[in-house]
Structures are given as C-alpha cells and as structure tokens.
Amino acid sequence: MTSLTILPSARRLVGRCRRVPVMPTARKTRLSACTVRAKHGGLDDSEFVSFKLGERQQVTGNTHLYRFKLDDAGESINLPIASCLLVRATIDGEEVIRPYTPTSAATAKGHFDLVVKVYEKGVMSKHFGDLKEGDELEIKGPIVKLPYAANMKKHIGMVAGGTGITPMLQVAEAILSNPEDKTKVSLIFGNVTEQDIILKKELDDYAKQYPDRFDVYYVLDKPGFLWKGGKGYITADMLKQKMPPPSNDNMVFVCGPPPMMDVISGNKAPDKSQGELKGLLKGLGYTPDQVFKF
C-alpha cells in the first residue's frame, strides 16, 4: 500500500447525485447528495452521505488510518475548527452512531482521514476494523464542539490520552498553519507504551517546526528501559509544569478515555454537556470556563 500523508492541503467539489435516507431527527426534506455536497465538501449536519474508503493504513497494532474519498479529487471538506463528524452503521441489526474527528487538515484535497483504534468492547471501532478498501460508510457533519477563532487565547494547553489526540491535532494544525494566529500550544499526551503513540511523527514535526509555539510531553504507563519522557500516569505536578497557568487568557482542552478524564477534569455529563469541573485541574485552580472537555 502507498504511504499516506496525514496532514495535506485544499480545494472544491461537485458530487455525484446519490440519495441517502434522512435520520428521523433530521429535517423532513430529503436532500440529494449533490445538494448536500455544496457544503463542506459533501457533508451536511442534517444528512448522512455515503463515502467510499479509498485506503487504510496501520498506525499501531490496533489502530488504523482510514482515508475516505471525495468524488472530486480537487475538493476539500473544509471543516470548521473544532468540529467532528458523525458516523452511522447498522451493526447486528441495530443503528450505531459515533463521533470521530478527522486527522487530515481541513483543507486536504480529495479525501479526509479518520484514525480509529479498535477496542475489545467498541461496537463501532470493531466495524471500522472490518472495513475493506471500496466499502462505504455513512457520515454526517460537521458538528462544531468549540467555535475556535484565531488568538482567542494566548496559550492553549492540551491533555490527551490515546485517540483523544485527534481533536487536539485538528486545533493545533489550524493554529500553527495560520501565520496570523500567535497562540501557543502545549500538549501532554498519555499512552500505555511508546508503540501506542499515534500521530507521533506529526506532533514531533510540529515541535521542531514551531519550537516557540508548540511543545509536546509524552507520558507512558509502561515505559521502556530507555524512555526519557514522563512515566506512569499524568499527575498534578506534570500539569503544573507543562500547562498554562489558570487565567482567562489561557484554556486547557481535555480528551481521552473516561478513567483519564475523571482524574484530570471529570467526565462530561450524560447529556454530553461539559458537566462539573473536577479532578486535578480543579485542584490546581482552573475554573469551568478555563477548561473544555472534548
């Protein structure tokens, strides 16, 4: 298989007209795919559209990059920052919908990428694991989680675990690719082993290319003998050293598995709202409006 570049650039699209059923919660008017694709390279927040899997590439032992094709090789989905996509599939007779954040740049030409880790109990992630090139998947969006504007904060801290890196990468790419955005970004990225670190090359390249604006600190539960980064779990001392201090000029983003979220910031509420700020960040003096949970 050819090598995939995770973060490319921009263009436009004219899609083939293919109708996709509208979800009960969507507006009643049925839109054809060619109507939908006038927005965000074929995506619409009220309509699921089928996209074909063009390539898949192994990233770690149980994680793959899935590259979905746009009908026009010159088009881009142009997702707003920070937003995600909803993926829908019928699995064992039941409809399953899950959110995923693209890892390709919003301006990537002719495709968009999703990086998905297969979990033992992950219904949708196992479905991804079974996908073959040429298979189609229904996708809808964008769903904006946090409207980002250049220079809205002076310093953004990010705490990620596992595939929770994907929304962080989306925001970091947007900040660093914009010469008008002077925001500094600091990332703590927790994983089990060094082999589990996804998108490490991209993150390390950013650290080298923008040494004054981006830094990353890796933390491993099970580090190797020669590991020089953080060891064990993310601690209050690590947060204090690596994150911007509590201030209305700064903000900390958090995304990762529920146990990590619970320790760092508290999990989101059952209705997916931000919920109460808890954990280490609250103990360090951050207020709810200074922390955002993806």
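Details of the structure are given in the entry above.
Computed from a prediction, not measured in an experiment: that's the story for all the values here.

1. Here's the deal with helix α3 (residues 165-176)
Between its terminal C-alpha atoms α3 stretches 16 Å, which fits the 16 Å expected from 12 residues at 1.5 Å a residue. Burial analysis of α3 places 12 of its 12 residues in the buried class, which makes it a mostly covered element. Buried within α3 are the following residues: Ile-165, Thr-166, Pro-167, Met-168, Leu-169, Gln-170, Val-171, Ala-172, Glu-173, Ala-174, Ile-175 and Leu-176.

2. Details of the pairing of strand β11 (residues 250-255)
Among the six residues that make up β11, six are buried, leaving the element largely enclosed by the rest of the structure. The two faces of β11 match: Asn-250, Val-252 and Val-254 on one face and Met-251, Phe-253 and Cys-255 on the other face are all buried. In terms of strand pairing, strand β7 (residues 155-161) meets β11 through six bridges, oriented parallel. Looking at β11, one finds that Ile-156 is bridged to Met-251. As paired elements, β11 and strand β12 (residues 291-293) share three bridges and run parallel to each other.

3. Side note on the sheet that holds β7
As summarised here, the arrangement of the six strands in space is β10-β9-β8-β7-β11-β12, forming an open sheet in which the pairing is parallel. Each edge of the sheet is formed by a strand with only one pairing partner; in this case those strands are β10 (230-231) and β12. Helix α4 (residues 200-209) contacts β8 (184-191) and β9 (214-220) of the sheet and is inclined by roughly 140 degrees relative to β9.

4. Let's talk about unusual backbone geometry
Across the junction of Ile-81 and Ala-82, the peptide omega takes the value -5 degrees, indicating a cis bond. Here Ala-82 is to be found in the loop between β2 (63-69) and β3 (83-91). Following Gly-141, the chain continues into Pro-142 via a peptide bond in cis, with omega recorded as 0 degrees. Counting through the fold element by element, Pro-142 comes out in strand β6 (residues 136-144). In this structure, Asp-92 takes a positive phi of about 55 degrees despite not being glycine. At Lys-272, a position not held by glycine, the phi torsion is positive, near 75 degrees. Along the chain, the position of Lys-272 falls in the loop between α6 (258-264) and α7 (279-283).

5. Section: the environment of Phe-189
Relative to the assigned elements, Phe-189 resides in strand β8. For Phe-189, a relative accessible area of 0% gives the class buried. Taking the C-alpha atoms as reference points, Phe-189 and Leu-220, separated by 31 residues in sequence, lie 8.6 Å from one another. The contact partners of Phe-189, leaving out residues within four places of it in the chain, are Ala-160, Gly-161, Gly-162, Ile-165, Ile-197, Ile-198, Leu-203, Tyr-217, Tyr-218 and Val-219.

6. Observations concerning the sheet that holds β6
If you trace the six strands from one edge of the open sheet to the other, you get β4-β3-β6-β1-β2-β5, paired in antiparallel fashion. Only two strands of the sheet have a single partner each, and these edge strands are β4 (94-100) and β5 (111-117). Neighbour-to-neighbour, the strand axes of the sheet open up by a mean angle of 40 degrees, direction not taken into account. The pairing of strand β1 (residues 49-60) with β6 spans four bridges and is antiparallel.

7. Examining the pairing of β7
Strand residues, when the strand is regular, have side chains that alternate between the two faces of the sheet. With seven of seven residues buried, β7 lies mostly within the body of the structure. Going residue by residue along β7, you find His-155, Gly-157, Val-159 and Gly-161 tucked away on one face and Ile-156, Met-158 and Ala-160 tucked away on the opposite face as well. As paired elements, β7 and β8 share seven bridges and run parallel to each other. Bridged to Met-158 within β8 is Leu-187. Once you follow β7 into α3 and on to β8, the crossover reads as right-handed.

8. Here we look at the nonpolar core
Counting 36 residues, the largest nonpolar core has Met-158, Ile-165, Leu-187, Phe-189, Phe-214 and Phe-253 as its most contacted members. Looking at this core, the element that brings in the most residues is α3, giving eight residues. The residues touching Phe-214, leaving out its near neighbours within four places in the chain, are Ala-172, Leu-176, Val-185, Leu-187, Leu-203, Tyr-206 and Ala-207. Phe-51, Tyr-66, Phe-68 and Val-87 belong to the second-largest nonpolar core, a separate cluster that totals 23 residues.

Rules used throughout
Residues numbered from 1 in each chain as written. Predicted model: local features only at pLDDT ≥ 70, side-chain atom pairs only at ≥ 80, totals over all residues. Heavy atoms only, no water. Helix = DSSP H or I, 4+ residues; strand = E, 2+ residues; numbered from the N terminus. Expected span 1.5 Å × (residues − 1). Buried < 20%, exposed > 50% of the residue type's maximum accessible area, 1.4 Å probe, protein only. Pairing = 2+ DSSP bridges. Contact = heavy atoms within 4.5 Å. Axes fitted to C-alpha atoms, helices over the stretch in contact; angles between N-to-C directions. Right-handed = clockwise from strand over helix to strand, strands pointing away. Core = buried A, V, L, I, M, F, W, Y, C linked by side-chain atoms within 4.5 Å.

In short, geometric facts, not functional conclusions.
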